[in-house]
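# Coordinates in review
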Amino acid sequence: MGDIWHVGLMVLVYIWFPKVSAQNLIKTPRDQKTEHTLLINEVNADSPGEDTSEFVELYHTSGQTARLDGYYLVFYNGNGNRAYKVLNLQGKVTNSQGLFLIGSSSVNPAIVIPKNTIQNGPDAIALYYGKGNYKEGMSVTSYGLVDALVHKTKKTDRADTLVRVLTPGRDAFLEDSTFRTMDESIERCRGEDSQWIFQVAMPSPGTDNHCILTSQLNASAVLISEVLAASSSEDFEFIELQGPHSTMLRDIILVLIDGQTKDIYFTMDVYGKTSLDGLLLIGPAQSKTSVDLPFPENTTRPVVRGGPKAIALYRGNSSSFVPGKALPVTGLLDAFVYTSNEEPNPELLEILTPGRPAYKEKRHQLGDVSMNQCNCCSVTRDSLSYVLSRPTPGKLNDCPSKRFSQTLSFCLHVADCQEWLLKSEDILMTLVQALDGSCSCGISAAYFKEPKAACQDLGLVFTTLLTAKSEDQLSSLLLAFKTFLETPGLVSFDRRNITVESSCFKDINVPDLPPGVPSEIPEGTQEPSVQVAKLLINEVNPDNPGRGEDAEYIELFYTGRTRFDLQGYWLVLYNGKNSRAYQVLDLSGHHTDELGYFLVGSSTMSPASMIGLPPNTIQNGADAVALYYSNTTLYAVNMAVTAEGLVDAVVYTSQMLEKADQLVKVLVPGQSILYENDSHSTEDESLSRCHSLSTKLQSSFQVTMVTPLGENSCSSPSAPVPPAIRISELCLAGSTTPHHFVELEGKPGTSLGGLSLVFFLGKEGKARASIPLRGIIGATGLFTFALDRGHGHDGTNLTSKDFSATNEGSSAIAVYSTSLIPGGTKATSENLVDALVYTCEPSKAGGHLDFLGPSYAVPCKDDRPVSLSRCACGNASAELQFAVSDPTPGLQNSCPQDAFAVDLHLCLLTPNCSTWTLHQRRMLKSLGRVLVSSLEEKCSCGVSELYLQGLNLTCVGSLVKVWGQVWARQPEQQQSIETWCQGFLASPHTFSVDDRVLKISPECIAPENAPSVSHSSASFQGWEIALFVMGSLLLMFFVVSLAFYFIKRHPQNYTNIEMNDCGEIAADF
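Residues numbered from 1 in each chain as written. Predicted model: local features only at pLDDT ≥ 70, side-chain atom pairs only at ≥ 80, totals over all residues. Heavy atoms only, no water.

### A look at the pattern of salt bridges
For the structure on display, the rule yields 14 salt bridges. A salt bridge links R726 to E745, with the shortest nitrogen-to-oxygen separation between them at 2.7 Å. Residue R726 is located in strand β39 (residues 725–733), and its partner E745 is located in strand β40 (residues 740–746); the two are separated by 19 residues in the primary sequence. What makes E745 buried here is its relative accessible area of 18%. Measuring nitrogen to oxygen at the nearest pair gives 3.5 Å for the salt bridge that ties D886 to R969. With a gap of 83 residues between them, D886 in the loop between β48 (882–885) and β49 (897–909) and R969 in the loop between β51 (959–968) and α11 (971–986) connect regions that are remote in the sequence. (Salt bridge = Lys/Arg side-chain N within 4 Å of Asp/Glu carboxyl O. Helix = DSSP H or I, 4+ residues; strand = E, 2+ residues; numbered from the N terminus. Buried < 20%, exposed > 50% of the residue type's maximum accessible area, 1.4 Å probe, protein only.)

What follows is the structure in structure tokens.
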């Protein structure tokens, strides 16, 4: 009986298991606790007329560029509950603010849809993620659902099925056409409890939602929205109120008070209808800007004066307020106290804004500046919710946005941490004063959101979200914050000097700064140096096939790889025949795209240029393109070529014999003109930056296929034929090494006659020594040439200084198919057979030798012998062919092997995961350099980038998951690598990759292959149950079958049983 019960239980588990496993495995992103996700942010389904302004706006909550691979947007018809349109967002990317727009062409969307596509309602829009079969005509489903909005335009409309499946417990949202006489949309905002809500608002496609929480405003809730004070009667002044939209205001009194005497000096009754945005503008009747309610006639101007002053709104009428009398304490709706220098009366503050200081109006910018309420609409009588900004009378306020934000964190070394938890506001105000004193940018407490304090071992950790109005302002504020952390070490809080610890400054990626401002990295990072981001000429295509010349372009690139303002930059095109400008473009007012690219080209080309030019504008050569930066110099057509303000330049030709000596002399002195060889491709080609980010360096460019607004295609289209003679090994360092040597490889018996070995050294890239070669390749396929510090072949005097690696640029050894190259000759690719470029510091690599090949870093700080050896490693990039190794003259090179591989799995916290996937090759290369540098610093075991094999990555949420292997040459080195790997994964320190500050995350699940989604532990438990149940069933089946077989093979004694004929036949069978 017990066995039967067990079998029944297992069968029940087997039947029930699929439901459990499905619950574990199928988790929508909405249910997963991810840091960032994609949401429906705004919908305009019904616009006036023919619906030519309808749109759907998506928002990635990271507020940054994000890939939309795997997402689907589905539009459902409420009549039948089936999909009438499905958009696959594979390959799409949000903009730098996390927004993605789908809609009519009039709103400039990323995906254009025909007019009147989005149905008015009752209908629904749903966002899905995953591999579901989403197609037009399908029934509504919640499988893979991320977000949804069920909407309607009539109160009587119903969409019960859509609501039940997509938004259970939340009714269809009404896009109320009476909200505005022009147009309205449904926008997503944060409510009182910080939960997402939808509300009707003025459409804002591609920009921040206004999020005036009208649900918190009613006829009795009117706030002071904006104040512009004046210093004379001629200046414009106003007070703007915020209330419910299109609502009549009455029984409200505006009262102005002297901040020192507490005397009332002006009152007026407030009446009138608010605008569609709920605004009512009060100001002088005679002004260029029309007002909704003018000041009373014969009023002494200015009315709104400089501080200390106060503005109050009361319920009642002006007859109850007599100038000179004390302020009443009842009926107060809102109040705002402000000052410039002098402190207002403390009693006045206690009456109007209890517990809040006066707003200090510090004018850091020229022109009119108003004081704007930026925490509408639940906050009243609080000066900390105002910011200084440009005046916006009759319009919504110009406020800091979470689109431009960064989390700040720092430590205060305090002994009584629990007491300091109650002083978050004091800490915030001290931070505000410090930042404003550093950058003089008019920052106030309203720039900071979500302040938090927590106690840790070292003291109190204070965290807050810094917001800004633009990327440039955010950069300035972050730089000011770093200054605040670094100097001074002591900060005064409540008359006590408290130490601020910069080590708590974590995970802040300071955006790249404008030219000339060094980009610094927070303390604790392991990257030894950081390159300053800059704007460069990245690609030039001056000559197209055929006569059209309608696909020519110039591409600029900002190495900070983010949106960059081009204010002050100029692009000048020079004619090589007269060395004068034939085209001048002022780039002020323009900016690069989110990835740092900017395209100037033919107006008909695709992708579209940011600045369009007529066809055949860019001359074929010999000519030049020059990039300048100046806020004072004016560059004009027909001006002579100049180097004043020069940032970068390219001098080129499409005809071998044409020259432009004057352009070369001024723009790229001492270099050769670039040749755009049209035989490179049967279609089109360009000059692309491939070999370095050095400015005004012609050797940085090579001929490639065209890649406008994309990463340059620097690899050769076909695999090069290996030369007959190649460099196999170069022994460089180590004073204990008896002989330095160069080892060549080739087919046995190959003659070296007519070849020269040339040594290039230093920043200039000039030949230090040249040795003609003699002899033949031996039977082993190797030829070893000793660099014995004496006389080389033919009496050439050679010392170790001629080929040693240096800290000043790169060095190189090259084989040329010519008998002799004189000393002092610059490196060239003419007659080049093979070359090896090397340096001591990876960050120092670059310069005049870049075109010879990739630069390899070698350890130069110790005396141990070291070689650069050519190695053929499994999955390594074809670009990298040499590895740091032990010297092996005349023997097989000592190379890393997969037999001594160490698996590498990393999870990196990053604020912008999409950058890694968009530029995967470059990011992996940068990460590889960091890993090798860390490994070599730890173990000093002689490793280089070629030791990293199969390095790959994927993005999951805000994590970059990296996997691959580190190979070793022998078991001892393998053990050292394993020790480093364990320490690196456990390290709490940040490090920098491509100027981005990263941190190791413990949330990494080591993938066997390329992972796509990491399932929860519950999912794996489900599979374990499945395997256990299936195994048990198979075991039971095997036991039963074995028993049956045993019974048949060994029948019981039937002597005492009389069988019928049928039984006997069956038994015999």
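### Comments concerning the sheet that holds strand β3 (residues 71–77)
Read from one edge of the open sheet, five strands run β4-β3-β7-β8-β9, paired in mixed fashion. Every other strand in the sheet has two partners, leaving β4 (82–88) and β9 (173–174) as the edge strands with one partner each. Examined bridge by bridge, β3 and β4 share six bridges and lie antiparallel to one another. When the bridges of β4 are listed, F75 appears paired with K85. (Pairing = 2+ DSSP bridges.)

### Regarding helix α10 (residues 920–939)
Residues three or four positions apart in an α-helix share a direction because the helix packs 3.6 residues into each turn. Here α10 contains 20 residues, and its C-alpha end-to-end distance of 28 Å stays within 8% of the 28 Å for a straight helix at 1.5 Å per residue. Turning to α10, its buried residues number three or more, namely R922, M923, L924, S926, L927, G928, V930, L931, V932, S934, L935 and E936. Trailing α10 by a residue or two, S940 shows a phi angle of about 50°, which is positive. (Expected span 1.5 Å × (residues − 1).)

### Here's the deal with the packing of aromatic side chains
What the rule picks out here adds up to 21 aromatic pairs. Ring plane angle 55° and centroid distance 6.1 Å describe the contact between F410 and F481, whose orientation is recorded as tilted. Of this pair, F410 sits in strand β23 (residues 401–413) while F481 sits in helix α7 (residues 471–486); the two residues are 71 residues apart in sequence, bridging distant segments of the chain. On the basis of relative accessible area, F410 is assigned to the buried category, the value being 0%. Ring pairs connect the aromatic residues F336, Y338, Y359 and Y386, which therefore count as one cluster. (Phe/Tyr/Trp six-rings, centres within 6.5 Å; stacked < 30°, edge-to-face > 60°.)

### A closer look at the packing of α10 against α11
Interaxial distance between α10 and α11 falls to 10 Å at its minimum, and their mutual angle equals 115°. Relative to α11, the element α10 is oriented roughly perpendicular. Handedness of the crossing formed by α10 with α11: right-handed. Contact residues: α10 offers L931, S934, L935, K938 and C939, while α11 offers S976, I977, W980 and F984. (Axes fitted to C-alpha atoms, helices over the stretch in contact; angles between N-to-C directions. Parallel < 35°, antiparallel > 145°, perpendicular 65-115°, else oblique. Left-handed = near helix turned anticlockwise from the far one by under 90°. Contact = heavy atoms within 4.5 Å.)

### Digging into the state of the cysteines
The final tally for this structure, using the stated rule, is two disulfides. The partner cysteine of C871 in its disulfide is C895, sulfur to sulfur 1.9 Å. Its S-S torsion of approximately -85° makes the covalent link between C871 and C895 left-handed. Of this pair, C871 sits in the loop between β47 (866–870) and β48 while C895 is found in the loop between β48 and β49, placing the two residues 24 residues apart along the sequence. In this pair, the class of C871 matches that of C895, namely buried. (Disulfide = S-S within 2.5 Å.)

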